[in-house]
Amino acid sequence: MDGNGRWAQARGKPRLFGHQAGGRRVREIVESCPQLGVKYLTVFAFSTENWKRTQAEVTGLMTLFKRYITKEANALRDNGVRVRFIGDRIRLETKLVEMMDNLEKLTEHNDLVHLTIAINYGGRDEVARATKRLAREVKAGRLDPEEVDAETLAKYLDTYVLPDPDLVIRTSGEARISNFLLWQSAYAEYEFVDTLWPDFTKDIFAEILRNYAKRERRFGAVAG
Ligand code: IPE
Ligand code: MG
């Protein structure tokens, strides 16, 4: 969800104003999912690298996350959305983590749309944490190193219950991955759009999905 800062800047407003506008977009996009046939949606809200931003921006974003949870919790529950969070919670404030846990619990029986929110998430960090837990299992004698393969490692990732993404969309004209779902995106299709996230409407989303549907995916095989 890139481009909030530039969106605000273009209007002579502080960056946080852009993040607020970006937050409102999340609702529109999540609500459009059932109609568009999207069962799993993962949004990148805060990366392990975003701590490098000013204290004011980081605090502002954390406040927005808490506000989003408070404001949206009941609507998400009532609209059949199951919410999960990925990323390392250890560095997040206790209050926020508590709210994240509660929202996961509140929506755990929903199955219409699976919304995953990545907070303090980094693909490399996730693989490193997964490896650490896997290594602990080996050390404890519960896992045979000879049996470790890609599937084994995937079970230790934050996303272990989720399917790999079919399509990764990056907004704001940047053509890079920036540590998002590195492992899981091995065979994902990518779409880079110039639209800044606060301008990303459900119509743009629908258009991207239509184009995606025309792509031929071979997963390393030859067209059949
Ligand atoms: C939102 O956009 C991404 C978040 C980390 C919340 P940016 O804050 O990266 O916006 P730009 O790139 O400065 O425009
Ligand atoms: Mg950015």
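You'll find the structure just up there.
Predicted model, so just to flag it, every value in this text is computed and none were measured. (Residues numbered from 1 in each chain as written. Chains lettered and ligands numbered in written order. Predicted model: local features only at pLDDT ≥ 70, side-chain atom pairs only at ≥ 80, totals over all residues. Heavy atoms only, no water.)

Q: Just checking my understanding: could you explain the overall build of the protein for this structure?
A: Scanning the protein from N- to C-terminus turns up seven helices and five strands. Beginning at the N terminus, the succession of helices and strands in the protein can be written as α-α-β-α-β-α-β-α-α-β-β-α. A compact globule built from 224 residues should have a C-alpha radius of gyration of about 17 Å, and the protein, at 18 Å, falls within 12% of that. With respect to the principal axes defined by its C-alpha atoms, the protein has extents near 55 × 50 × 35 Å. Residue burial in the protein is summarised as follows: out of 224 residues, 45% are buried. For the protein, restricting intrachain contacts to residue pairs at least 6 apart in sequence, the fraction spanning at least 24 positions comes to 73%. For the protein, the accessible area works out to roughly 12700 Å², and carbon and sulfur atoms hold 50% of it. Averaging the coordinates of the 36 positive side-chain charges in the protein and doing the same for the 33 negative ones gives two points 6 Å apart. (Helix = DSSP H or I, 4+ residues; strand = E, 2+ residues; numbered from the N terminus. Rg over C-alpha atoms; globule rule 2.2 N^0.38 Å. Buried < 20%, exposed > 50% of the residue type's maximum accessible area, 1.4 Å probe, protein only. Contact = heavy atoms within 4.5 Å. Areas by Shrake-Rupley, 256 points an atom, 1.4 Å probe, with all protein chains shown as cover. Lys, Arg positive; Asp, Glu negative; His and termini not counted. Charge placed at Lys NZ, Arg CZ, Asp CG, Glu CD.)

Q: Mind showing me how you'd approach the environment of Arg15 here?
A: As for its placement among the helices and strands, Arg15 is situated in helix 2 (residues 15-36). The exposure class of Arg15 is partly exposed, given its relative accessible area of 38%. Sequence separation between Arg15 and Lys139 is 124 residues; the distance between their C-alpha atoms is 46 Å.

Q: Before we go on, may I ask you to explain the side chain of Thr116 in this structure?
A: Mapped onto the fold, Thr116 is located in strand 3 (residues 113-121). In contact with Thr116, not counting residues within four places along its chain, are Leu41, Thr42, Val43, Arg84, Ile86 and Leu162.

Q: Mind showing me how you'd approach the layout of surface pockets here?
A: One water molecule sets the probe size; rolling that probe over the atoms shows where empty space is left. One number sums up the size of the second largest pocket: a volume of about 390 Å³. When contributions to the lining of the second largest pocket are tallied by element, the ones reaching two or more residues are strand 2 (81-86) and helix 5 (123-139). No other element matches the five residues that strand 2 contributes to the lining of the second largest pocket. (1 Å grid on protein atoms, 1.4 Å probe; cavity = no way out; pocket = protein on both sides within 12 Å on 5 of 7 lines; lining within 4 Å. Points joined across faces, edges and corners; volume = space filled by probe spheres on them.)

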